[in-house]
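Given next are the chains, with one letter for each unit.
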Amino acid sequence: MKHAVLIVAGGRGLRAGGEIPKQYQMLGGVPLLRHAVQACLRHEAIDHVQVVIHSDDQALYHNAIRDLPAAEKLAAACFGGDNRQDSVRQGLEALNRLPEPPATVLIHDAARPFLKPDAIDRLLTALSQTPGAILAVPVVDTLKRGTRQGQIQGGADRSDLWRAQTPQAFHFGAILDAHRAAIGLNMTDDAAVAEQAGLAVQLIMGSEENFKVTEAEDFARAERQLLHSLGDIRSGQGYDVHAFGDEPSRPLMLGGIIVPHSRSLAGHSDADVGLHALTDALLGALAEGDIGQHFPPSDVRWKNAASDRFLAHAANLVHERGGVIAHLDLTFICEAPKIGPHRDAMRARIAAICGLDISRVAVQATTTEGLGFTGRREGIAAQALATIRLPM
Ligand code: MG
């Protein structure tokens, strides 16, 4: 039996504000959509993941899914229609064009980043008994009817009311037929489309944690919830030294930017001693070796390489583990150049490489009062501390 997931990411996400659709805004250092895609790719029972996007969002989408583990399960995105129902149908038609269409499909919102594996298990189990099953939570608040002016006009019985969530899971052929028959009805979820076709749909207990990021303030709630689930806090340190060299054409790269200076550092890559220390700090926090192991100096691929690749790789290893970078603290040890005037540009660059807010990146500098090799201006040393949070 083949199980597919269809993730609907074609909306414009206007209620959340921001300059790009909400599914591409950042949560925990990665685009919101990536959380849902990753949760589905990680699940062993899921064979195939299809995402439906808006045709304007292709660049945003490719950035959001870059370097995902188990990416062989992820199909090329297809484009959605004018509304959610149309977009789901386009996605189902894409699945139907597979050489072997799936037996079941879980239809999921891109804006629900907290999908747990056991919820997928319960939906798939339910589908052995029923053609449709959705996650939902019972309404617990007392319900009131109100006038436009805000006057209460009686209540409503909540005892049989549930709030529908996603995924909504169905036998594939049945929901495809139901969607084809429902063109133009503009229903708000797939359970309604299924019901319209006479399919029985089972309610499966969801959780409040599986909420949908809708308004701008939901991002703050999601960020808090994400951090709460990431209680495995780790620190790593990194240290690096590069000597000044005499290659006149070579710029001095420090902290990811070019720093105007009379001398530059020697090294196999671009010799950015700051980014190397940060990369080692992240690898240390993950207990995944060091920069020399990941990017051997003996490998010609890394000759003159821009060190932002090394740092981005280490940051991505954190994200692959479902973690976030809590803080990066980088200290340069040198007599010259002066770091202060470049501090904020370095912080901004490091933050951009790691997908972090600039408030989570510190850059400091110190001299050694003329003592030692840095005091003699023979080279620059850098040390870094990285704090990361991983899932418990
Ligand atoms: Mg180095």
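Residues numbered from 1 in each chain as written. Predicted model: local features only at pLDDT ≥ 70, side-chain atom pairs only at ≥ 80, totals over all residues. Heavy atoms only, no water.

**So, the layout of surface pockets**
Here the idea is plain: a probe the size of a water molecule rolls over the atoms and shows the empty space left. The calculated volume of the largest pocket comes to roughly 660 Å³. Along the walls of the largest pocket sit 29 residues, with Gly 11, Lys 22, Arg 84, Asp 109 and Lys 212 positioned nearest its centre. Among the secondary structure elements, those contributing two or more residues to the lining of the largest pocket are strand E1 (3-9), helix H3 (84-96) and strand E10 (162-171). Reported here for the second largest pocket is a volume of approximately 570 Å³. In terms of lining, the second largest pocket is formed by 24 residues, of which the most central are Asn 63, Arg 66, Ala 312, Asn 316 and Ile 353. (1 Å grid on protein atoms, 1.4 Å probe; cavity = no way out; pocket = protein on both sides within 12 Å on 5 of 7 lines; lining within 4 Å. Points joined across faces, edges and corners; volume = space filled by probe spheres on them. Helix = DSSP H or I, 4+ residues; strand = E, 2+ residues; numbered from the N terminus.)

**A closer look at the nonpolar core**
Counting 41 residues, the largest nonpolar core has Leu 254, Leu 282, Ile 325, Leu 328, Phe 332 and Ile 350 as its most contacted members. Within the residue set of this core, elements represented by two or more residues are helix H8 (273-286), helix H10 (308-320), strand E16 (324-333), helix H11 (343-354), strand E17 (361-366) and strand E18 (379-390). Considering every element that reaches this core, the biggest residue donor is H8, with nine residues. Leaving out residues up to four positions away in the same chain, Leu 254 has contacts with Val 259, Leu 265, Asp 272, Val 273, Phe 332, Pro 337, Ile 339, Met 346 and Ile 380. Ranked by size, the runner-up nonpolar core spans 32 residues in total, among them Leu 33, Ala 36, Ile 46 and Ala 169. (Core = buried A, V, L, I, M, F, W, Y, C linked by side-chain atoms within 4.5 Å. Buried < 20%, exposed > 50% of the residue type's maximum accessible area, 1.4 Å probe, protein only. Contact = heavy atoms within 4.5 Å.)

**Observations concerning the sheet that holds strand E7 (residues 132-138)**
On the basis of which strands lie adjacent, the open sheet formed by seven strands has the order E5-E4-E1-E6-E10-E7-E11 and mixed pairing. The sheet is open, and its two edges are formed by strand E5 (78-79) and strand E11 (201-205), each paired on a single side. In the packing of H3 onto the sheet, contacts are made with E1, strand E4 (48-53), E5, strand E6 (104-109) and E10, and the angle to E1 comes to roughly 145°. Of the strands in this sheet, E1, E6, E7, E10 and E11 touch helix H4 (residues 117-126), which is tilted by about 130° from E7. (Pairing = 2+ DSSP bridges. Axes fitted to C-alpha atoms, helices over the stretch in contact; angles between N-to-C directions.)

**Brief notes about the coordination of the magnesium ion**
Taken together, Asp 240 (OD), His 242 (NE2) and His 276 (ND1) make up the protein donors of the magnesium ion, found 2.1 to 2.3 Å from the metal. Spacing between the donor residues of the magnesium ion along the chain follows D-x1-H-x33-H. You can see His 242 sitting in strand E12 (residues 232-245) and its partner His 276 sitting in helix H8, a full 34 residues away along the chain. (Donors = N, O, S within 2.8 Å, 3.2 Å for Na, K, Ca; no water.)

**Notes on the domain arrangement of the chain**
Here the chain is partitioned into domain 1 (3-221) and domain 2 (232-390). Contact residues are listed per partner, giving nine residues for domain 1 and eight residues for domain 2. Carbon and sulfur atoms make up 46% of the area that domain 1 and domain 2 hide from each other, which totals about 560 Å². Of all residues in domain 1, the largest losses of buried area upon contact with domain 2 belong to Gly 28, Gly 29 and Asp 67, amounting jointly to 43% of the total for that side. For the pair domain 1 and domain 2, the interface holds zero salt bridges. Applying the counting criterion to the domain 1 and domain 2 interface returns one residue pair in polar contact (both at pLDDT 80 or more). Per-element accounting of the side of domain 1 that touches domain 2 gives the leading share, three residues, to helix H1 (residues 32-42). Of the residues belonging to the side of domain 1 that touches domain 2, the class tally is three nonpolar, three polar and three charged. (Domains from an automatic or database assignment. Buried area = accessible area lost by both parts, 1.4 Å probe. Salt bridge = Lys/Arg side-chain N within 4 Å of Asp/Glu carboxyl O. Polar contact = N/O pair within 3.5 Å; in protein donor to acceptor, adjacent residues only side chain to side chain. Nonpolar A, V, L, I, M, F, W, Y, C, P; charged D, E, K, R; others polar.)

**Brief notes about the packing of aromatic side chains**
For any two aromatic rings, the description comes down to two numbers: the centre-to-centre distance and the angle of the planes. Evaluated as defined, the whole model comprises four aromatic pairs. Geometrically, the ring pair formed by Phe 295 and Trp 302 is edge-to-face, given 4.8 Å between the ring centres and 85° between the ring planes. For the pair shown, Phe 295 and Trp 302 are each scored as buried. Site record: aromatic cluster; members linked through ring pairs are Phe 295, Trp 302 and Phe 310. In this arrangement the basic side chain of Arg 221 is found over the ring face of Phe 211, its NZ or CZ atom lying 3.6 Å from the centre. (Phe/Tyr/Trp six-rings, centres within 6.5 Å; stacked < 30°, edge-to-face > 60°. Lys NZ or Arg CZ within 6 Å of the ring centre and 35° of its normal.)

**With respect to the pattern of salt bridges**
All told, the structure shown has 16 salt bridges when counted by the stated rule. Residues Arg 180 and Glu 93 are paired through a salt bridge, measuring 2.8 Å at the closest nitrogen-oxygen approach. You can see Arg 180 sitting in helix H5 (residues 172-181) and its partner Glu 93 sitting in helix H3, a full 87 residues away along the chain. In this structure Glu 93 comes out as buried when scored by relative accessible area, which is 18%.

**Quick word on the side chain of His 48**
Relative to the assigned elements, His 48 resides in strand E4. The residues touching His 48, leaving out its near neighbours within four places in the chain, are His 3, Ala 4, Val 5, Lys 73, Ala 75, Leu 95 and Leu 98.

**Overview of the packing of H3 against H5**
Contact pair H3 / H5: the axes reach a minimum separation of 10 Å and the direction vectors enclose 135°. The pairing of H3 with H5 is recorded here as oblique in orientation. The way H3 lies across H5 gives a crossing that is left-handed. In this structure, H3 contributes Gln 85, Val 88, Arg 89, Leu 92, Glu 93, Leu 95 and Asn 96 to the contact, and H5 contributes Phe 172, Ile 175, Leu 176, His 179 and Arg 180. (Parallel < 35°, antiparallel > 145°, perpendicular 65-115°, else oblique. Left-handed = near helix turned anticlockwise from the far one by under 90°.)

**Regarding the environment of Gln 129**
Among the structural elements, Gln 129 can be located in the loop between H4 and E7. Gln 129 sits 73 residues away from Gln 202 along the chain, and the two C-alpha atoms are 9.3 Å apart.

**Section: the sheet that holds E12**
What the five strands build is an open sheet, ordered E15-E12-E18-E16-E17; its pairing is mixed. Each edge of the sheet is formed by a strand with only one pairing partner; in this case those strands are strand E15 (264-265) and E17. Sheet analysis places E12 next to E15, joined by two bridges and oriented antiparallel. Note that in E15 the partner of Phe 244 across the bridge is Leu 265. Contacts from H8 reach E12, E15, E16 and E18, with the element oriented near 150° to E12.

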